[in-house]
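Topology and contacts: notes
Spelled out from the first residue to the last, the chains are:
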Amino acid sequence: MTAPVVIAVNDRPEGVAALHWGLKRARRLQTSAVLVATTGDTPSAPVHLSTATRELIATAAEGVDHVLHEQPEDVAQTLITLSEDADMVVLPVRRRSVTMKFLLGSNAMRVIAEAHCPVVTVKSPA
């Protein structure tokens, strides 16, 4: 079996898009998926997936071996660590202006810079 696809997932539209993109890759490679719950760009915010998102994960991941990391202490570090043995990391990202990206910082930027495998960023459909 190929290395797993690591997918950051949240309740936002881009999180759902990343989930579907990552699971499609896992199916194509006939491998497993490691899902990491995230709130987005705020490393210290509590991570709570809605019931609807949990149900979506259960339905969308049908037929794919998967595990869900529900409340990582440091989402970016968890993704970076998991990337050591991963085929790819799939990250949901929001559309933001250059100024907002600079002011707010980003878990995504940290993962992209430090991951040990390729990283794909997925935006929600426009």
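Before going into details, it helps to say that this report is about the structure given with it. (Residues numbered from 1 in each chain as written. Predicted model: local features only at pLDDT ≥ 70, side-chain atom pairs only at ≥ 80, totals over all residues. Heavy atoms only, no water.)

Quick look at the packing of helix H3 (residues 75-83) against helix H5 (residues 107-114) now. One way to put it is that H3 packs onto H5 with a least axis distance of 9 Å and a crossing angle of 25 degrees. Taken together, the axes of H3 and H5 are roughly parallel relative to one another. Note on packing geometry: the crossing formed by H3 with H5 is right-handed. Facing H3, whose interface residues are Val75, Ala76, Gln77, Leu79 and Ile80, H5 presents Asn107, Arg110, Val111 and Glu114. Grouping the amino acids of the contact of H3 with H5 by side-chain chemistry returns five nonpolar, two polar and two charged. (Axes fitted to C-alpha atoms, helices over the stretch in contact; angles between N-to-C directions. Helix = DSSP H or I, 4+ residues; strand = E, 2+ residues; numbered from the N terminus. Parallel < 35°, antiparallel > 145°, perpendicular 65-115°, else oblique. Left-handed = near helix turned anticlockwise from the far one by under 90°. Contact = heavy atoms within 4.5 Å. Nonpolar A, V, L, I, M, F, W, Y, C, P; charged D, E, K, R; others polar.)

So, on to the sheet that holds strand E3 (residues 66-69). Backbone hydrogen bonds hold the strands of a sheet together, and the pairing may be parallel or antiparallel. With parallel pairing, the five strands of this open sheet are ordered in space as E3-E2-E1-E4-E5. A strand with exactly one partner marks an edge of an open sheet, and here the two such strands are E3 and strand E5 (119-122). Neighbouring strand axes in the sheet, compared pairwise and without regard to direction, differ in orientation by 20 degrees on average. As judged from the three bridges shared by strand E1 (residues 5-9) and strand E4 (residues 88-92), these two strands associate in the parallel manner. Each bridged residue has a counterpart across the sheet, and for Val5 the counterpart in E4 is Met88. Set on the sheet, helix H1 (residues 13-29) makes contact with E1, strand E2 (33-37), E4 and E5; between it and E1 the angle comes to about 165 degrees. (Pairing = 2+ DSSP bridges.)

Within the secondary structure, Thr53 sits in helix H2 (residues 51-60). Engagement of the side chain of Thr53 in a polar contact is seen with the side chain of Ser50, the distance being 3.0 Å. Setting aside residues up to four positions removed in sequence, Thr53 forms contacts with Asn10 and Asp11. (Polar contact = N/O pair within 3.5 Å; in protein donor to acceptor, adjacent residues only side chain to side chain.)

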